[in-house]
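# Summary of the model geometry
The chain contents come next:
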Protein chains: 2
Amino acid sequence: MNKIKGKMVIAQGGGPTVVINQSLVGAILEARKYDEITSIYGAKYGVRGIIEEKFLDLTDVDKNELEEVAQTPSSALCSTRDKPDEEYCQNIFKVLQAHNIRYFFYIGGNDSADTCRIINEYADEEDYEMVAIHIPKTIDNDLRVTDHCPGYGSAAKFISHAFAGVNMDNRSLPGVYIAVVMGRHAGFLTASSVLAKKYKEDGPHLIYLPERTFSQEKFIEDVNNVYNKHGRCMVAVSEGIVDAEGTPIVTKFSEEVERDSHGNVQLSGKGALGDLLSKKVKSKLTHIDRVRADTFGYLQRSFLGVVSEVDAAEARRVGEKAVQFACGEVKSGSVVIVRNDQYSVDYALTDLKNVAKVTKKMSDEFIKDANYVTKEFIEYALPLIGKIPVYKKLSAPLVEEKLSY
Amino acid sequence: MNKIKGKMVIAQGGGPTVVINQSLVGAILEARKYDEITSIYGAKYGVRGIIEEKFLDLTDVDKNELEEVAQTPSSALCSTRDKPDEEYCQNIFKVLQAHNIRYFFYIGGNDSADTCRIINEYADEEDYEMVAIHIPKTIDNDLRVTDHCPGYGSAAKFISHAFAGVNMDNRSLPGVYIAVVMGRHAGFLTASSVLAKKYKEDGPHLIYLPERTFSQEKFIEDVNNVYNKHGRCMVAVSEGIVDAEGTPIVTKFSEEVERDSHGNVQLSGKGALGDLLSKKVKSKLTHIDRVRADTFGYLQRSFLGVVSEVDAAEARRVGEKAVQFACGEVKSGSVVIVRNDQYSVDYALTDLKNVAKVTKKMSDEFIKDANYVTKEFIEYALPLIGKIPVYKKLSAPLVEEKLSY
């Protein structure tokens, strides 16, 4: 295990989170402790910035400034949706060689892990001594191996606090409330809608995840049942819900379907699914006066100040650990979080191929009856969102009526 | 000025806010100091609860419990959209008499002030000694006389922090981003989108308010200009924007138009306007890749934990002041906030007719060129949202290119 001397580059890919810069700053400050890392570069706009040689020299940026950047939502180096193919990776590799970059850190999801994997293979083939480390980040919590992903806890905090507040709003002006939550294939974010729920009769009363087939008939029946029981009904629904054929429900009602460079249908940044579901409820359950739908949108991954303190600390640590693994073990891989009992975590390095490409969905033990989550899910996710503010319903004795209208 | 001895009732009307229970608890705890108030009742579901005699006896509810209720979003007593007519007010009055209620406090907007006004008139006509006090509350900030409304500061905090975060997201994955903000006739909430903006080139770049005619052609031209200059464009648009005839833009594109009991078109709780505007941009400005629209929805008035500390304190004080005015001056009226220099405020009582019915819009000095706000608006609104978290862009020297692809 020889030390490798050279520059390092770090980049951020895919959808940003509110704690992604904690990982960035953790890696930068940790790297300053190692003599073998001669300069610290940041690539602008993810891997695209490497190809275009848009590097910022972060070697000497003031620590206090970096600490403010760490608290800032969304990729400070900017991001990209580019998903590198073989040729793209070859170009990345050429630039790394040209700059004598020996350490490549990529903060991102499964695609970013795959990019690390391919580049690492080129380096092996060409006998170019380098280390490629994937630093996990996704609000969707859909990476394999790691117990959970940095970024998820804060997004789950946003969603759970949104639901806790809107629940009180819906209680005070009753009706049906539907909220569409991010998450294309994995339901972890939508499931997090329950995490700040305090009273048994509170919403969300129904949770629809992409892991289960969504039936519109069953949905209407569920809403009707809850409404008849509680006089109101709150629904959390994933933007990625699909029918029995696996077709996203949203595409069945949009005139035009927009796709991204990965061929994925655009789900976020529009209110169509919420509007559709609320229209269904209005037309089928005509005895219900008030039906409203919100789509939480980009606030879920970027809201200034709504940060889980647990998530922020862990995001920082995976950045630091990435550098420690790179310099200590001189080995490529993906940093993973390992959960201990009583909620504490350790960090480990796993092979890039274990995290690359394929994503993780919610396991069956977390899903209840296709329209709710289990206690096991709540036990799993609750420690990740940090402290929940105090809130309370007013309770007092009823006064006797004098007139009885 | 004789003291009036009897019970008091307090109710909450209209759309809830995150600090409305501060006013409730402020009034309850203050009322306990006055011997002339013999019992403290809370009416459930606003004035509807008075008619139906659904009173909670709050006289002896534990103070610590009340303090937790004060921190809870949305009307703890629940709310109503009922807008009382003469007959309705007569029924309210009968119930007040039957229970020997001599103090009526209604936390709400201009309609609630009007209810206080009518009931106060009945009492005068019938020589029934009572005091009716309106405690101001609206996220829209659209009440007359008062400098600003409790509830506005926290909603403005939500909107400004949402924009500050999404701005960083949009910077890292550039495109056009449109957010639809609450506010039927008054643009104060939409205008607040600028309040946590830090850098000159940051969004929102365009702000469309209901106080100005919205032209789709001008909108497309504005977006194009900003996009060409900054490579991205962020737009804040009020749900209440109207065309030259005063027709809400959203009704021009919805198949069905839902109206509430006041005859108002349903604006919130759907994503139609955002989707429409984003479709317009996509079809007219085809060189722009990425166009996204969010509708902030009910989170703006209910999000757990996003509270302006200034707003919370003032909401508490207007509740306390209401009781002080009622018992001290023995006079009906609406509590108003009066701004001093260097941001501090005092409280006063104004005639109910000055606040009832008619609402306030943004004044011309706050609006710039029909698509932005002035410095004067920022100076007016900035003190109301409380402390803004630190955030910072990363800046570092660019590295020289080696390959120049």
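Residues numbered from 1 in each chain as written. Chains lettered and ligands numbered in written order. Predicted model: local features only at pLDDT ≥ 70, side-chain atom pairs only at ≥ 80, totals over all residues.

Here we take up the overall build of chain A. Within chain A, the secondary structure is distributed over 12 helices and 13 strands. Relative to its length of 405 residues, chain A is compact, with a C-alpha radius of gyration of 23 Å against a globular reference of 22 Å. Projected onto the principal axes, the alpha-carbon positions of chain A cover approximately 85 × 45 × 35 Å. Sequence-distant contacts in chain A: of pairs separated by 6 or more residues, those separated by 24 or more amount to 76%. (Helix = DSSP H or I, 4+ residues; strand = E, 2+ residues; numbered from the N terminus. Rg over C-alpha atoms; globule rule 2.2 N^0.38 Å. Contact = placed C-beta atoms within 7 Å.)

Our next topic: the domain arrangement of chain A. All names here are of chain A. For chain A, the domain assignment lists domain 1 (6–150 + 307–354) and domain 2 (154–305 + 363–384). Taken together, the 19 residues of domain 1 in the interface contact 20 residues of domain 2. Class assignment of the residues belonging to the side of domain 1 that touches domain 2 gives a composition of eight nonpolar, six polar and five charged. (Domains from an automatic or database assignment. Nonpolar A, V, L, I, M, F, W, Y, C, P; charged D, E, K, R; others polar.)

Let us now look at the pairing of strand S10 (residues 333–340) of chain A. Residues and elements named next belong to chain A. Here strand S5 (residues 131–136) runs beside S10; their pairing, made up of two bridges, is parallel. What sits directly across from isoleucine 133, in S10, is glycine 333. Note that S10 and strand S11 (residues 344–350) share seven bridges and pair antiparallel. In the strand pairing of S11, asparagine 340 is matched with serine 344. (Pairing = 2+ DSSP bridges.)

Bringing the confidence of the model for chain A into the picture now. Overall, the predicted model of chain A reaches an average pLDDT of 95, with 97% of residues at or above 70. Overall fold confidence for the complex sits at a pTM of 0.96, while the interface term, ipTM, reaches 0.96. (pLDDT = per-residue confidence, 0-100.)

Let us look at the sheet that holds strand S3 (residues 55–57) of chain B. All names here are of chain B. Read across the open sheet, the seven strands follow the order S3-S2-S1-S4-S5-S10-S11; overall the sheet is mixed. Either end of the sheet is taken by a strand with one partner, and the two such strands are S3 and strand S11 (345–350). Ignoring which end each strand starts from, the neighbouring axes of this sheet average 30° apart. Looking at chain direction, strand S10 (residues 333–339) and S11 are connected through six bridges and run antiparallel. If you follow valine 338 over to S11, its bridge partner there is aspartate 346. (Axes fitted to C-alpha atoms, helices over the stretch in contact; angles between N-to-C directions.)

A separate point is the relation of the copies chain B and chain A. If you rotate chain B by 180° and push it 0.0 Å along the axis, it lands on chain A with an RMSD of 0.0 Å. Overall, the copies show the geometry of a two-fold rotation axis. The C-alpha atom lying nearest the rotation axis in chain B is that of B:Gly271; the distance is 2.1 Å. Looking at chain B, 100% of its interface residues are interface residues in chain A too, so the copies touch through the same face. (Least-squares fit on C-alpha atoms with pLDDT ≥ 70 in both.)

Attention now goes to the interface of chain B and chain A. Contact with chain B, which involves 74 residues of that partner, is made by 74 residues of chain A. Listing elements by their share of the side of chain B that touches chain A, those giving two or more residues are strand S2 (37–43), S3, helix H3 (63–70), helix H4 (86–98), helix H6 (152–172), helix H9 (272–284), strand S9 (291–295) and helix H10 (299–302) of chain B. Here the side of chain B that touches chain A is composed, by residue class, of 37 nonpolar, 19 polar and 18 charged.

A separate point is the sheet that holds S11(A). All names here are of chain A. Judged by pairing direction, the sheet is mixed, and its seven strands sit side by side in the order S3-S2-S1-S4-S5-S10-S11 without closing on themselves. Since the sheet does not close on itself, it has two edges, and those belong to strand S3 (55–57) and S11, each with one partner. Between one strand and the next, the sheet's axes are offset by a mean angle of 30°, whatever the strand orientation. Bridge analysis of strand S1 (residues 6–12) against strand S4 (residues 101–108) gives six bridges, and the strand direction is parallel. Each residue of the ladder has a partner; that of methionine 8, found in S4, is tyrosine 103. In the packing of helix H1 (residues 20–31) onto the sheet, the strands contacted are S1, strand S2 (37–43), S4 and S5, and the crossing angle to S1 comes to about 175°.

Here we come to the environment of B:Gly187. Residue and element names in this part refer to chain B. On the secondary structure map, glycine 187 appears in the loop between strand S6 (176–181) and helix H7 (188–191). Taking the C-alpha atoms as reference, glycine 187 lies 9.9 Å from phenylalanine 366; in sequence the two are 179 residues apart. What glycine 187 contacts, discounting residues up to four positions off in sequence, is Leu209, Pro210, Glu211, Ser238 and Met362.

Another point: the nonpolar core. If you look at the biggest cluster of nonpolar residues, it comprises 277 residues, and the most contacted ones within it are A:Phe104, A:Phe105, B:Phe104 and B:Phe105. Setting aside residues up to four positions removed in sequence, A:Phe105 forms contacts with A:Met8, A:Ile10, A:Ala27, A:Ile133, A:Ile135 and A:Ala322. (Core = buried A, V, L, I, M, F, W, Y, C linked by C-beta atoms within 7 Å. Buried ≥ 20, exposed ≤ 12 C-beta atoms within 10 Å, placed from the backbone.)

For the rest of this paragraph, the subject is the environment of B:Ala370. Considering the arrangement of structural elements, one finds B:Ala370 in the loop between strand S12 (367–368) and strand S13 (372–373). Sequence spacing of B:Ala370 and B:Arg117 is 253 residues, and the spatial spacing of their C-alpha atoms is 36 Å.

So, on to the environment of B:Arg316. Residue and element names in this part refer to chain B. Residue position: arginine 316 is located in helix H11 (residues 309–328). In this structure arginine 316 comes out as buried when scored by C-beta crowding, with 22 C-beta atoms within 10 Å. For the pair arginine 316 and glutamate 201, spaced 115 residues apart in sequence, the C-alpha to C-alpha distance is 37 Å. Discounting residues that sit within four places of it in the chain, arginine 316 has contacts with Gln22, Ser23 and Gly26.

In this section: H1(A). Residue and element names in this part refer to chain A. Over its 12 residues, H1 runs 17 Å from end to end, which matches the ideal 16 Å to within 8%, given 1.5 Å per residue. Within H1, 12 of the 12 residues are buried, leaving the element largely enclosed by the surrounding structure. Residues Ile20, Asn21, Gln22, Ser23, Leu24, Val25, Gly26, Ala27, Ile28, Leu29, Glu30 and Ala31 constitute the buried set of H1. The inward-facing, buried residues of H1 contact S1, S2, helix H3 (63–70), S4, S5 and helix H11 (309–328). (Expected span 1.5 Å × (residues − 1).)

A few words now on the packing of helix H8 (residues 216–230) of chain B against H9(B). Residue and element names in this part refer to chain B. As a packed pair, H8 and H9 sit with axes 10 Å apart at the nearest point and diverge in direction by 65°. With respect to H9, the axis of H8 lies roughly perpendicular. Considering the relative orientation of H8 and H9, their crossing is right-handed. Facing Gln216, Ile220 and Val223 of H8, the residues of H9 in contact are Lys280, Val281 and Lys284. A breakdown of the residues in the contact of H8 with H9 according to their chemical character gives three nonpolar, one polar and two charged. (Parallel < 35°, antiparallel > 145°, perpendicular 65-115°, else oblique. Left-handed = near helix turned anticlockwise from the far one by under 90°.)

To continue, consider unusual backbone geometry. Residues and elements named next belong to chain A. Cis geometry marks the peptide bond from glycine 203 to proline 204; its omega dihedral reads 5°. For proline 204, the location among the structural elements is in the loop between helix H7 (188–191) and strand S7 (206–208). Non-glycine residue cysteine 78 carries a positive phi angle of around 70°. Mapped onto the fold, cysteine 78 is located in the loop between H3 and helix H4 (86–98). Using a count of 23 C-beta atoms within 10 Å as the deciding quantity, one classes cysteine 78 as buried.

It is worth spelling out the pairing of S2(B) at this point. The side chains of a regular strand alternate between both faces of the sheet. Residue and element names in this part refer to chain B. Within S2, five of the seven residues are buried, leaving the element largely enclosed by the surrounding structure. Relative to S2, strand S1 (residues 6–12) runs parallel, the two sharing four bridges. When the bridges of S2 are listed, glycine 6 appears paired with isoleucine 37. A crossover connection joins S1 to the parallel S2 through helix H1 (residues 20–31); in handedness this β-α-β unit is right-handed. Two elements, S2 and S3, share three bridges in a ladder whose sense is antiparallel. When the sheet's bridge partners are listed, glycine 42 is paired in S3 with leucine 56. (Right-handed = clockwise from strand over helix to strand, strands pointing away.)

Before going further, it helps to spend a moment on the packing of H4(B) against helix H5 (residues 110–125) of chain B. Each pair of packed helices can be summarised by the angle the axes make with each other and by the distance between the axes. Residues and elements named next belong to chain B. Where H4 meets H5, the axes come as close as 9 Å, and the angle between the chain directions of the two elements is 60°. The two elements H4 and H5 meet at a crossing, and its hand is right-handed. Counted together, Glu86, Cys89, Gln90, Ile92 and Phe93 of H4 and Thr115, Ile118, Ile119, Tyr122 and Ala123 of H5 form the full contact between these two elements. A breakdown of the residues in the contact of H4 with H5 according to their chemical character gives seven nonpolar, two polar and one charged.

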